[in-house]
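# Descriptive structure summary
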Protein chains: 2
Amino acid sequence: MQVRVLGSAAGGGFPQWNCGCPNCAGLRAGTVRARARTQESVAISADGARWFLLNASPEIRAQVEAFPGLHPKRPRHSPIEGILLTNGDLDHCLGLLSLRESHPLVVYATRAVEEGFTREDVLYRTLQRFDGQVTWRHAMLDTPFDLMTHAGERTGLIARAWAVAGKLPVHLEGLRSPSPEDNIGLEIRDEATGATLVYLASVGQVRDREVEAALRASCLFFDGTFWSSDELRSIDPNAPRAEQMAHLPMGGSEGSLARLRELPPGRRFFIHINNSNPVLREDSPEYAGVREAGWDLAWDGMELTL
Amino acid sequence: MQVRVLGSAAGGGFPQWNCGCPNCAGLRAGTVRARARTQESVAISADGARWFLLNASPEIRAQVEAFPGLHPKRPRHSPIEGILLTNGDLDHCLGLLSLRESHPLVVYATRAVEEGFTREDVLYRTLQRFDGQVTWRHAMLDTPFDLMTHAGERTGLIARAWAVAGKLPVHLEGLRSPSPEDNIGLEIRDEATGATLVYLASVGQVRDREVEAALRASCLFFDGTFWSSDELRSIDPNAPRAEQMAHLPMGGSEGSLARLRELPPGRRFFIHINNSNPVLREDSPEYAGVREAGWDLAWDGMELTL
């Protein structure tokens, strides 16, 4: 399985348009040791020709252009065979509305995520210019499904989704009750090689199910939004805590690094990293702690073969 | 008046994600003489500190980062005081949903454009996290209005909007009848210097009103979507003609270059240039014709002082 990180930042990216915090200002000034990052999305392929995106970031156009594997091979074409959505947050879905050039799209998501993006959404009509412009294939929880091309051919990748701790997207808060389908983890297996990618980009808690999946994984991507619960409050005193935003912090005795310390050595990466996270500074004690624990940060352009 | 072109391409940008036409494929391969372009947006300011955007492209995050004038000066800040929308097309509005980090926004638009983006739009709730997150200031046709800061201070720029030939955004087609408020031209005057910018990014016809405004302008930006009516059909035989998409082609005896040939020498730029347009190739006869007529193409990063 080939893996390409298209974007590795949380919503807003790094730097963020309205943020002059030490990380963002330092990155712009070139005075901190850190990399710019676009919003989280990862491309995967079993054969290097037919690709699937994990999430559709608002920056999808630049992300596609930055990776030759996703460039068209004919006048009207895209190697993107499908897009999987892990939740309905706009930093994961808004990119769909940038793929509106009358091109057929296949989207794998739970029914709850589909409805949260398409119901009462007049903008979505831009993807309804002809019958079948978007084909939604519903990911059923805890049931394996093939990642297939638009034409319905198997590609050798098999996915399984399960409910993870999370919350409703901001734009649905107050409209309906949360559902187990709102936030999913993904385990994607290459049936030829047995390589397994576990993708947990937004999770509020590490439960046994996540640990078990991580133990089996050839490669793990995990929610690296915040280092600590009150990190945002150093920028904005009224900001919510990490837990209120359904992100488990990386640091601390209850954090993800501690919770996942039993994992064997291997490919473990934090992704969906918020601009406020001190770990972004590669000379910080937090980043040193990540490396010592056998982890690293995903970065835009990172490629792996599993 | 300071002017910075943030993006100069039509919807989809150049190259376009699903397009392998000679222009797009050649740009990716480095075999054509052309520049990559993001989707159309222009920033203007009377004082170099308080800026207004003309349209909010889907690529607004990268566009802001590429221009130091728009970087925050404090931990939570943006020099963007307001955004003007010339119509409700998603390539002009979608960027609003990328400015959702709980930051107050001011948007100048007609009531028709506001309603077309916000009514029955569940995604827009992401900009309704607190009262007053977005302040819509309605542009009345043919009535001058001050471009003011969020706090209501005048900035020395005075705008006037008028109805231009156009059509409904794709996502509203079939939902309601067209309105004169759907597509506007903008004339923006710096009251200190008298400099005037005329901004006509999407127009289906040049009428007397556009010619009169262009004759008065210190600088003109004009719709450069297509060179010819049937340009898209060379890529996709089922594609609509330029006129069906409400864009007046640049070339031909009835095109914009011919229609505006009476303009005095000065700053005249085509903007909103589609990936299919042969004018993008700087060694093409079409581009030579543009230069001979005293025009040029806007490009990402272009700056002017009027």
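Here's what I pulled together on the structure shown here. (Residues numbered from 1 in each chain as written. Chains lettered and ligands numbered in written order. Predicted model: local features only at pLDDT ≥ 70, side-chain atom pairs only at ≥ 80, totals over all residues. Heavy atoms only, no water.)

As a further point, take the relation of the copies chain A and chain B. Laying chain A over chain B is done by rotating through 180 degrees and shifting 0.0 Å along the axis; what remains is an RMSD of 0.0 Å. In symmetry terms, the pair is related by a two-fold rotation axis. Ranked by how close their C-alpha atoms come to the rotation axis, the residues of chain A are headed by Asp121 of chain A, at 2.2 Å. (Least-squares fit on C-alpha atoms with pLDDT ≥ 70 in both.)

If the charged atoms of two oppositely charged side chains come close together, the side chains can form a pair. All names here are of chain A. All told, the structure shown has 32 salt bridges over all chains when counted by the stated rule. One salt bridge connects Glu303 with Arg4, and the closest N-O pair in it is separated by 2.7 Å. Of this pair, Glu303 sits in strand 14 (residues 303–305) while Arg4 sits in strand 1 (residues 2–7); the two residues are 299 residues apart in sequence, bridging distant segments of the chain. The partly exposed category is assigned to Glu303, whose relative accessible area is 49%. Through salt bridges with shared partners, a single ionic network connects Asp47, Arg50 and Glu153. (Salt bridge = Lys/Arg side-chain N within 4 Å of Asp/Glu carboxyl O. Helix = DSSP H or I, 4+ residues; strand = E, 2+ residues; numbered from the N terminus. Buried < 20%, exposed > 50% of the residue type's maximum accessible area, 1.4 Å probe, protein only.)

A separate point is the packing of aromatic side chains. Residue and element names in this part refer to chain A. Going through the model one piece at a time under the given rule, you end up with 20 aromatic pairs over all chains. Between Trp51 and Phe67, the aromatic rings sit 5.0 Å apart at their centres with planes inclined by 90 degrees, giving edge-to-face as the arrangement. Linking Trp51 in strand 3 (residues 51–54) with Phe67 in the loop between helix 2 (60–65) and strand 4 (80–84), this pair joins segments that are 16 residues apart in sequence. Accessibility assignment for this pair places Trp51 and Phe67 in one class, buried. Taken together through their ring pairs, the aromatic side chains of Phe52, Tyr108 and Phe145 make up a single cluster. Just above the ring of Trp299 sits the side chain of Arg35; from NZ or CZ to the centre is 4.4 Å. (Phe/Tyr/Trp six-rings, centres within 6.5 Å; stacked < 30°, edge-to-face > 60°. Lys NZ or Arg CZ within 6 Å of the ring centre and 35° of its normal.)

Listed by partner, the interface residues are 55 residues for chain A and 55 residues for chain B. The junction of chain A with chain B conceals about 4800 Å² of combined surface from both sides, 56% of it contributed by carbon and sulfur atoms. Counting the surface chain A buries against chain B, the share from its top three residues, Trp17, Arg61 and Arg76 of chain A, is 20%. Taken together, chain A and chain B are joined by 4 salt bridges. For Glu59 of chain A, the salt bridge identified is with Arg61 of chain B, shortest N-O distance 2.8 Å. Taken together, the links from chain A to chain B amount to 26 residue pairs in polar contact (both at pLDDT 80 or more). Elements that contribute at least two residues to the side of chain A that touches chain B include exactly helix 2, helix 3 (90–93) and helix 4 (111–118) of chain A. (Contact = heavy atoms within 4.5 Å. Buried area = accessible area lost by both parts, 1.4 Å probe. Polar contact = N/O pair within 3.5 Å; in protein donor to acceptor, adjacent residues only side chain to side chain.)

This part covers the environment of Ser202 of chain A. Residues and elements named next belong to chain A. On the secondary structure map, Ser202 appears in the loop between strand 10 (196–200) and helix 5 (208–216). The spacing of Ser202 and Asn87 is 115 residues in sequence and 8.2 Å in space, taken between C-alpha atoms. Not counting chain neighbours up to four residues away, the residues in contact with Ser202 comprise Asn87, His92, Val164, Ala165, Asn183, Asp223, His247 and His272.

With that out of the way, let us pick up the pairing of strand 4 (residues 80–84) of chain B. Each regular strand carries side chains that alternate between the two faces of the sheet. All names here are of chain B. Buried residues dominate strand 4, accounting for 5 of its 5 residues. Of the pairings in the sheet, the one linking strand 3 (residues 51–54) to strand 4 comprises 4 bridges and is parallel in character. Along strand 4, the bridge assignment pairs Leu53 with Ile83. Where the polypeptide runs from strand 3 across helix 2 (residues 60–65) and back to strand 4, its parallel neighbour, the crossover connection is right-handed. Here 2 bridges tie strand 4 to strand 5 (residues 105–109), and the two strands are oriented parallel to one another. If you follow Ile83 over to strand 5, its bridge partner there is Val107. (Pairing = 2+ DSSP bridges. Right-handed = clockwise from strand over helix to strand, strands pointing away.)

On to the pairing of strand 10 (residues 196–200) of chain B, then. Residues and elements named next belong to chain B. Across the 5 residues of strand 10, 5 count as buried, placing the element largely inside the fold. Both faces of strand 10 are covered, namely the face carrying Thr196, Val198 and Leu200 and the face carrying Leu197 and Tyr199. Taken together, the 4 bridges between strand 10 and strand 11 (residues 219–223) define a ladder with parallel strand orientation. Note on strand 11: the bridge partner recorded for Val198 is Leu220. A crossover links strand 10 with its parallel partner strand 11, the connecting element being helix 5 (residues 208–216), and its sense is right-handed.

This part covers the sheet that holds strand 10 of chain B. All names here are of chain B. Spatially, the 7 strands line up as an open sheet ordered 7-8-9-10-11-12-13, and their pairing is mixed. The open sheet has two edge strands, strand 7 (145–148) and strand 13 (296–297), and neither has a second partner. Two elements, strand 8 (residues 154–163) and strand 9 (residues 184–190), share 7 bridges in a ladder whose sense is antiparallel. Within strand 9, the position partnered with Ile158 by the bridge is Arg189. Against the sheet, helix 5 contacts strand 8, strand 9, strand 10 and strand 11, and its axis sits at roughly 155 degrees relative to strand 8. (Axes fitted to C-alpha atoms, helices over the stretch in contact; angles between N-to-C directions.)

Let's shift gears to the side chain of His92 of chain B. Residues and elements named next belong to chain B. By the secondary structure assignment, His92 is in helix 3 (residues 90–93). Accessibility expressed as a relative area gives 0% for His92, which makes it buried. Those residues in contact with His92 that sit more than four places away from it in its chain are Glu40, Asn55, Ala56, Leu85, Thr86, Asn87, Ser202 and His272.

Residues and elements named next belong to chain B. Within the fold, Leu186 resides in strand 9. With 24 residues separating them along the chain, Leu186 and Trp162 place their C-alpha atoms 6.8 Å apart. Those residues in contact with Leu186, other than ones at most four positions away along the chain, are Leu54, Leu84, Thr86, Arg160, Ala161, Trp162, Leu197, Val198 and Tyr199.

Below, the discussion takes up the sheet that holds strand 9 (residues 184–190) of chain A. Residues and elements named next belong to chain A. Judged by pairing direction, the sheet is mixed, and its 7 strands sit side by side in the order 7-8-9-10-11-12-13 without closing on themselves. Each edge of the sheet is formed by a strand with only one pairing partner; in this case those strands are strand 7 (145–148) and strand 13 (296–297). Strand direction decides the pairing type here: strand 7 and strand 8 (residues 154–163), joined by 4 bridges, are antiparallel. Note on strand 8: the bridge partner recorded for Asp146 is Ile158. Sitting on the sheet, helix 5 is in contact with strand 8, strand 9, strand 10 and strand 11 (219–223), with an inclination near 155 degrees to strand 8.

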